[in-house]
Amino acid sequence: MNNEIIERKSWWKRNWKWFLPLMSFTLISIVLFFSSGMGGHMTDFAQAYADTELYENALEKAQRNKRVTDLLGELEPIDNLAILEGEVRYSEDNKSVDLSIRVKGSKRKASMDISANRINGEWKYIKINIRIKKPIEEKQTIEIISQSE
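Residues numbered from 1 in each chain as written. Predicted model: local features only at pLDDT ≥ 70, side-chain atom pairs only at ≥ 80, totals over all residues. Heavy atoms only, no water.

### Description of the nonpolar core
- Leu 54, Ile 78, Met 112, Ile 114, Tyr 125, Ile 130 and Ile 144 are the most contacted members of the largest nonpolar core, which has 29 residues in total.
- For this core, the elements supplying multiple residues, two or more each, are helix H3 (52-63), helix H4 (66-72), helix H5 (80-85), strand E1 (87-91), strand E2 (96-104), strand E3 (109-119), strand E4 (122-132) and strand E5 (140-146).
- Once you skip the residues sitting within four places of it in the chain, Ile 78 turns out to touch Tyr 55, Leu 59, Ile 83, Ile 101, Val 103 and Met 112. (Core = buried A, V, L, I, M, F, W, Y, C linked by side-chain atoms within 4.5 Å. Buried < 20%, exposed > 50% of the residue type's maximum accessible area, 1.4 Å probe, protein only. Helix = DSSP H or I, 4+ residues; strand = E, 2+ residues; numbered from the N terminus. Contact = heavy atoms within 4.5 Å.)

What follows is the structure, encoded as structure tokens:
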């Protein structure tokens, strides 16, 4: 029987071969992500995600349009995934936004384009359009609000 003490290697000595490349890859990915400008896009999505008034009021205005209800049916509330699937661009120190999101009706799906400016804490809509893309024979754009500045 051998009574020698078995010395166990430290965590670093056992795992450095996979840990070091993984951390290097992670660090390089983070630097590339933020230097590519994608970090700015993510903050736009986060802001749109938090600013429910922007798209809920626009959806309400679209729901009041007879042509929209005839073609799409009753519009469902916009879910959070629809915002992430769409496009969002804030400008002018977050006082102006261009947003394109998916809307779902009881009959079919479409896209809603919104352009708005924040004036005195409220969104003033410049443009709200509903775009129907499918089926291709019924492709059309319905203008809910269209203003020239």
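### Topic: unusual backbone geometry
- Here the bond from Lys 134 into Pro 135 is cis, since omega is -5°, no more than 30 degrees from zero.
- Relative to the helices and strands, Pro 135 is located in the loop between E4 and E5.
- Backbone geometry at Asn 120 places phi at a positive 50°, although glycine is not the residue there.

### Some words on the pairing of E2
- With five bridges joining them, E1 and E2 adopt antiparallel strand pairing. Residue pairing in the sheet places Arg 89 in a bridge with Asp 98 of E2.
- Hairpin connection between E1 and E2: a loop of four residues separates the two successive antiparallel strands, and Glu 92 in this loop has a positive phi of roughly 50°.
- Pairing between E2 and E3: nine bridges, direction antiparallel. Directly across from Leu 99, in E3, lies its bridge partner Ile 114.
- Counted along the chain from E2 to the antiparallel partner E3, the turn is four residues long. (Pairing = 2+ DSSP bridges.)

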